[in-house]
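Observations on the three-dimensional arrangement
So the chains spell out like this:
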Amino acid sequence: MVTTIEVEDTITVGALAERLMIPVTRLITELMKNGVMATVNERIDFDTAQIITQELGLDVELKAGADKTLPLRREKPKASAKATIRPPVVAVMGHVDHGKTSLLDAIRGSSVAAKEAGGITQHISAYQIEHNGRPITFLDTPGHEAFASIREHGAQLTDIVILVVAADDGVKPQTIEAIRYAINAGVKIIVAINKIDKEGADPNRIKQQLSEHNLLVEEWGGDTVVLTLSAKTGQGVNELLDMVLLVADVEDLKADVDVPARGLVIEAHVEVGRGPVATALVESGILKPGQFVVAGATYAKVRNLETPDGKPLKQAGPSTPVSITGFKTLPEFGDEFIAVSSERLARAQAETAASERHTTSNREITSGELLKLINRSHELSELNLIVKADVQGSLTSVIDSLSALNTEEVAVRIVSSGIGAITDNNLRLSMTTGAKIYGFNVIAPSTIRQQAVRDRIELHLYNVIYELIDDVKAELEKLLLPQVVETDLGNLIIRGIFNTTKANVICGGEVTTGKLSLPALARVKRGKELIMEAELTNLKRGPTDVKEINAGEMCGLSLKTASRLDLELGDRLEVFRREVKQRHL
């Protein structure tokens, strides 16, 4: 029976794998076979999804439906004839450890890179600087592969992407991914070849690599601006900022200010004493304290309006990153916000959005999907987890990364997830479901830790995302059935039988091939018939016990059997070693 599944015009690889009820790794592998290099968070169109589903040989028919997800290229607010010039929004992207945060440190004169856990950026951050008297808004996005959704989010927000490539390392997987995100979002790309002062720096090699990914530099007849610099020494940084302003002027970036303020939530977290806090980017209008704003399924009367580093703001115009408090509940990573005239209107719009999300998230499963799920559950070992993180973007990245570990045999099952510290409720749920608790950049009060030890609840806290992912991967590997590996050692022909008991045989023979060694097992064969499998417990060369016998030599041997073995002259022993090995994902 063919199951029909409704799929939007564009869908993420992870979401499609979930709809098809297959491991995301299997889907990514099939995409790669068909020349589509995509990560778990990247979107593919309906036609690609249909082709891949057919290639997989699934009894599934895809039906085109309305796209309820964020579009491939998000439409930014359109400026009217009255619009005024606004600052450019610049995302700094690239492969992990290529110097993105160090470059931003050089631009704003701080030292964030030294403070980041594991030496890598793990959150999207935003701030504004001035260059030649003009403001520029910067977004710093994580480079680690686990943060793909945050990088895509960053590309959707920006006007210009600075693609940082290490001069001594070249174009890497996250570099290629960042190029795709920027092209999909329709933004201008400036390539910053960093670490130009390091030994092995080769800008021309990098330009050649960029050309292989649809970025042809200006000097080779293309339209991609490439600059060389060193974030460490500051060489070329001012020239990079000059180029950002030049590109912004060419793009003629404008926004309306006499319209209701609107923008996008970059991050969201909970602070003790302040409640839900959202970091957002204003895209049009003027946002002020006291205004009512709706963000997805929640709303706020703006209690505090601040810069991301905590300085109070009386108002915030287009391209300004802000921190907002006053939300009733935590807005979601990627929610659009808009200012409305009253609390009544804000509440009504938030309730409508919440209802729509509830309906979408509780889609009724078809009988065919249910049957497939039941069948899969018989062969699937699941690892129950409760996941907590400090901010929405990180939580999304952790869950996406853990989902990417799923295979046909083992899978992560997220029992619960949320923002903030580990709580009593998390412990109670763990006791009920047997779930392990994993926290990323969150705390567990001493009373919670003591209770977890007392109740034998596994509680793991991390501040480096790849350490969390590696540990969950190790837990999944424990659920894999071990691999039985057999290694052939050699063959022996029985030439003499000296003693036979119920559980042992002492005999002698000639090694015809290979080299026999202990410990080992032996298949006893008479012609083509398998008589028995026995354990080889002893080897003798003459009267001397030995550990190995080579081909062409005669030897004595002892066999341990499960039942009486009536050995005959001319029987053949196929000697082998059997090992049980732990499998890895």
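Residues numbered from 1 in each chain as written. Predicted model: local features only at pLDDT ≥ 70, side-chain atom pairs only at ≥ 80, totals over all residues. Heavy atoms only, no water.

Secondary structure assignment for the protein chain yields 15 helices and 30 strands. Looking at the 585 residues of the protein chain, the share that counts as buried comes to 49%. Long-range contacts, defined as pairs at least 24 residues apart, comprise 73% of the intrachain contacts of the protein chain with a sequence gap of at least 6. Accessible surface computed for the protein chain: about 27800 Å², of which carbon and sulfur atoms make up 49%. (Helix = DSSP H or I, 4+ residues; strand = E, 2+ residues; numbered from the N terminus. Buried < 20%, exposed > 50% of the residue type's maximum accessible area, 1.4 Å probe, protein only. Contact = heavy atoms within 4.5 Å. Areas by Shrake-Rupley, 256 points an atom, 1.4 Å probe, with all protein chains shown as cover.)

The subject of this paragraph is the nonpolar core. Leu287, Leu402 and Val472 are the most contacted members of the largest nonpolar core, which totals 39 residues. The dominant element in this core, judged by the number of residues it contributes, is helix H15 (residues 465–479), at five residues. In this structure, leucine 287 is in contact with Ala261, Val282, Val293, Val302, Leu305, Gln315, Ala316, Val322, Ile324 and Phe337, ignoring residues within four places of it in sequence. (Core = buried A, V, L, I, M, F, W, Y, C linked by side-chain atoms within 4.5 Å.)

Before going further, it helps to spend a moment on the sheet that holds strand E22 (residues 459–462). The four strands are arranged E20-E19-E21-E22 in an open sheet whose pairing can be described as parallel. Of all strands in the sheet, those bounded by a partner on one side alone are strand E20 (410–419) and E22. When the angles between neighbouring strand axes are averaged without regard to direction, this sheet yields 25°. Pairing of strand E19 (residues 381–389) with E20 involves nine bridges; the strand directions are parallel. When the sheet's bridge partners are listed, lysine 388 is paired in E20 with glycine 418. On the sheet, helix H12 (residues 392–403) packs against E19, E20 and strand E21 (436–440) and is oriented at approximately 170° with respect to E20. Each of E19, E20, E21 and E22 touches H15; the most contacted strand, E21, lies at about 160° to it. (Pairing = 2+ DSSP bridges. Axes fitted to C-alpha atoms, helices over the stretch in contact; angles between N-to-C directions.)

Attention now goes to the packing of helix H4 (residues 100–108) against helix H9 (residues 237–251). Two packed helices can be described by the angle between their axes and the distance between those axes. It is at 10 Å that the axes of H4 and H9 come closest, and there the two elements cross at 90°. The pairing of H4 with H9 is recorded here as roughly perpendicular in orientation. Of H9, the residues touching H4 (which contributes Leu103, Ala106 and Ile107) are Val237, Leu240 and Leu241. Class assignment for the residues of the contact of H4 with H9 results in six nonpolar, no polar and no charged. (Parallel < 35°, antiparallel > 145°, perpendicular 65-115°, else oblique. Nonpolar A, V, L, I, M, F, W, Y, C, P; charged D, E, K, R; others polar.)

Along the chain, asparagine 184 falls in helix H7 (residues 173–185). A C-alpha to C-alpha distance of 9.9 Å links asparagine 184 and arginine 43, two positions 141 residues apart in sequence.

Purely spatial values, then, with no claim about function.
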